[in-house]
Amino acid sequence: MTRDELATKYLDQLPYPPYPVQEEALLAWFTSEQGVLVCAPTGTGKTMIAQAALFEALHTNTVAYYTTPLIALTEQKFQEMQASAERWGFRRDDVGLVTGNRKVNPNARVLVVVAEILLNRLLHQDGFDFSHVSAVVMDEFHSFADPERGIVWELSLNMLPKHVRLLLLSATVGNSMEFLNWLDRMHGRKLELAEGRERKVPLTYRWVPDEFLNDLLVDMAKGDDASRKVPALVFAFNRDECWSIAEQLKGLDLMTGGQKTALNAQCDKLEWPHGVGPKLKQMLRRGVGVHHAGLLPKYRRVVEDLFEQKLLSVALCTETLASGINLPARSVVLTSLVKGPFGKEKVIDPSSAHQIFGRAGRPQFDTEGFVYAVPHDDDIRLVKWKRQYDQIPETTKDPGLIKQKKSLLKKKPTRNNQRKYWTEGDFDKLKAAPPARLYSKGPLPWRLLAYLLKVSPDVEKIRTVVKKRLLDQPRIEAGMKQLDRMLMILHEREFVRLEPEPPPAEDPTPQPPPRTGEGEKSLLLPPLRFGEGGAGGG
Ligand SMILES: Nc1ncnc2c1ncn2[C@@H]1O[C@H](COP(=O)(O)OP(=O)(O)OP(=O)(O)O)[C@@H](O)[C@H]1O
Ligand SMILES: [Mg+2]
């Protein structure tokens, strides 16, 4: 079957008329030699574009990979792909899944995997044959710029054989042209760009300064199906917080009658006598779920399922559900805009924020979505206090009122001066911030270096990896020096033997590599700059 015929066949079977960006991207995919980068807002049906690559693989008897950064997302895409394969007349078993947790049909023709799995296979090409691989889809491709894991995407791009076509998808890429130029220059891959700007389901943003989370959620759950603002995904940035917020929702009225009956029926079937099982089951009965990476997959999957059926009103989650996930969340609630260990919290980066916002209001389920953000409880107490305090005029002569005002002043709530608080201003900035630019983040980790050396002892190859990073020249040079230092250490400790023998080192201590994060105060190097425009501003 020719590409033209495949394109027609694919377009003919679409369940709905494609959005303009989908049409453009599909056309680009079926005509381009080497692939496409698709940049379009959250909830614009990028999955339907991605499926074209898998459709093609199934029809041409080749292999295609679909990678995502998250386990829950991989599971969701796996299910969608299986359903599509069946719809296209193939077997469900033609689609496989591989994550760190679970393997299903690991030798199938269409493989939905967590990104690390693909890299692993690329590093072991003796065991995994890529000659039949026709395409790799990288969903949530902005992961390339993740400070810890980005190197996985970067190396995968570097190592993928040239005949493999690429379909890169993201809602949050701030420098698509710059990235494509780099990919062409450094990796000899010419990708086309399909870009869309319009979100199909508009989002309404609300900063709620004066309502505790419990009250807010009760308000959101009021009303009929059309007016309720639940189901809601409530984001917290640590696991304990998820549990404690979920516990604190005990006894609140968050459900409708019908929802309760259906939910109880499903919960009755759950046999969870151990660990967090009983506690979670009890919560689920109240319409509240918890979802984070510390939960066993079997629990997470039930939470996802119940939420998908709109039986849960609220799911407390960490970033495990932050990107790509397509759930009937009418709202998302951000319980915090900062993240990190106590005392060292930082405002989350705009891309993560936009990904989280984007979980609300998805085309299949809603015509409008809502994003709520709340301040820290200390600040809510302050606002509530101030309102009471200000009700008594400064000029009052009434002795009773004067006394009352004085006593209120003594009860003024305080902030903890070690805590980092966040404000409406931070929320506004996150909303307005342009998507972050993609560039290489983090040094080459020791583990990967060791791995690369094991796969091929040719140091020059590894130097090339570093030379080709998406960074400015000073950082490339610093990266090269860092690599040399790392190699010297491995050599001195006799993990590897360098040939030719290097001259004796003067300073073998590894220095931390230059940071590339935006706005870093401790930059050892000048702000990151590329040819035009610069890349450090994002
Ligand atoms: N052309 C269309 N018309 C109507 N609904 C659509 C169309 N294309 C996709 N959808 C629906 O939109 C929803 C969101 O799609 P999808 O998850 O693919 O979005 P996305 O662009 O990948 O978002 P994200 O960036 O958050 O991953 C799905 O439920 C899908 O069924
Ligand atoms: Mg998606």
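Residues numbered from 1 in each chain as written. Chains lettered and ligands numbered in written order. Predicted model: local features only at pLDDT ≥ 70, side-chain atom pairs only at ≥ 80, totals over all residues.

Novice: I keep staring at the nonpolar core and nothing clicks. Help me out?
Specialist: Soluble globular proteins: nonpolar side chains tend toward being buried together. By size, the foremost hydrophobic cluster in this structure holds 73 residues, and its most contacted members are V38, A53, A64, V110, V136, V137 and L167. Of the residues forming this core, the biggest block, eight residues, is contributed by helix α3 (residues 46-59). Residues from two domains meet in this core; each of domain 1 (3-195) and domain 4 (439-538) gives at least three. With near-sequence residues (within four places) excluded, V136 lies in contact with Y65, T67, L118, L160, V164 and L166. Within the second largest apolar cluster, 61 residues are counted, among which are W243, L306, C317 and A322. (Core = buried A, V, L, I, M, F, W, Y, C linked by C-beta atoms within 7 Å. Buried ≥ 20, exposed ≤ 12 C-beta atoms within 10 Å, placed from the backbone. Helix = DSSP H or I, 4+ residues; strand = E, 2+ residues; numbered from the N terminus. Domains from an automatic or database assignment. Contact = placed C-beta atoms within 7 Å.)

Novice: For this particular structure, what's the right way to read the confidence of the model for the protein chain?
Specialist: Any region with low pLDDT has predicted coordinates that should not be read closely. The pLDDT averaged across the protein chain works out to 91; a share of 93% of its residues lies at or above 70. Overall, residues 513-526 carries pLDDT values under 50, and its contacts beyond four positions in sequence, including any with other chains, amount to 23 contacts. Low pLDDT, under 50, characterises residues 528-538; the predicted model gives this stretch 24 contacts beyond four residues in sequence or across chains. (pLDDT = per-residue confidence, 0-100.)

Novice: Which parts of the structure should I look at to understand the site of ligand 1?
Specialist: Near ligand 1 lie 19 residues; those nearest to it are T42, G45, K46, T47 and Q364. Looking at which element gives the most residues to the shell around ligand 1, the answer is α3, with three residues. Within the shell around ligand 1, the residues separate by chemical class into seven nonpolar, ten polar and two charged. Structurally, the shell around ligand 1 is a two-domain feature, drawing no fewer than three residues from each of domain 1 (3-195) and domain 2 (205-376 + 419-432). (Near = placed C-beta within 6 Å. Nonpolar A, V, L, I, M, F, W, Y, C, P; charged D, E, K, R; others polar.)

Novice: How do you make sense of the sheet that holds strand β16 (residues 369-373) when you look at a structure like this?
Specialist: As a general point, the strands of a sheet are linked pairwise by backbone hydrogen bonds and lie either parallel or antiparallel. In spatial order, the strands read β9-β16-β13-β10-β12-β11; together these six strands make up an open sheet with parallel pairing. Where the open sheet ends on each side, the last strands, each with one partner, are β9 (203-207) and β11 (288-291). Within the sheet, the average angular offset between the axes of one strand and its neighbour, ignoring direction, is 20°. One ladder, built from four bridges, connects strand β10 (residues 232-235) with strand β13 (residues 331-334); its direction is parallel. Within the sheet, the bridge partner assigned to F235 lies in β13 and is L334. (Pairing = 2+ DSSP bridges. Axes fitted to C-alpha atoms, helices over the stretch in contact; angles between N-to-C directions.)

Novice: Got a minute to help me understand unusual backbone geometry in this structure?
Specialist: Negative phi values dominate among residues other than glycine, just as trans dominates among peptide bonds. Backbone torsion omega between V230 and P231 reads 5°, so that peptide bond is classified as cis. With respect to the helices and strands, P231 occurs in the loop between α8 (213-221) and β10. Non-glycine residue N61 carries a positive phi angle of around 60°. Within the secondary structure, N61 sits in the loop between α3 and β2 (63-68). Taking the number of C-beta atoms within 10 Å as the measure of exposure, N61 has 9 and is therefore exposed. Despite not being glycine, N105 shows a phi value in the positive range, around 40°. You can see N105 is positioned in the loop between β4 (103-104) and β5 (110-114). Since 19 C-beta atoms lie within 10 Å of it, N105 is described here as partly exposed.

Novice: Is there a simple way to explain the packing of helix α18 (residues 459-467) against helix α19 (residues 473-492) in this structure?
Specialist: When two helices pack together, their arrangement is given by the angle between the helix axes and by the axis-to-axis distance. Packing of α18 against α19 brings their axes to within 9 Å, and their N-to-C directions diverge by 150°. Relative to α19, α18 is oriented roughly antiparallel. Judged by the sense of rotation from one axis to the other, the crossing of α18 with α19 is right-handed. Listed contacts from α19 to V459, I462, R463, V466 and K467 of α18 are I476, G479, M480, L483 and L487. A per-class count over the contact of α18 with α19 returns seven nonpolar, one polar and two charged. (Parallel < 35°, antiparallel > 145°, perpendicular 65-115°, else oblique. Left-handed = near helix turned anticlockwise from the far one by under 90°.)

Novice: Sorry if this is basic, but what is going on with the sheet that holds strand β8 (residues 192-195) here?
Specialist: The eight strands are arranged β4-β3-β5-β2-β6-β7-β1-β8 in an open sheet whose pairing can be described as mixed. Among the strands making up the open sheet, the edge pair consists of β4 and β8. Pairing between strand β1 (residues 35-39) and β8: four bridges, direction parallel. In the strand pairing of β8, V36 is matched with E192.

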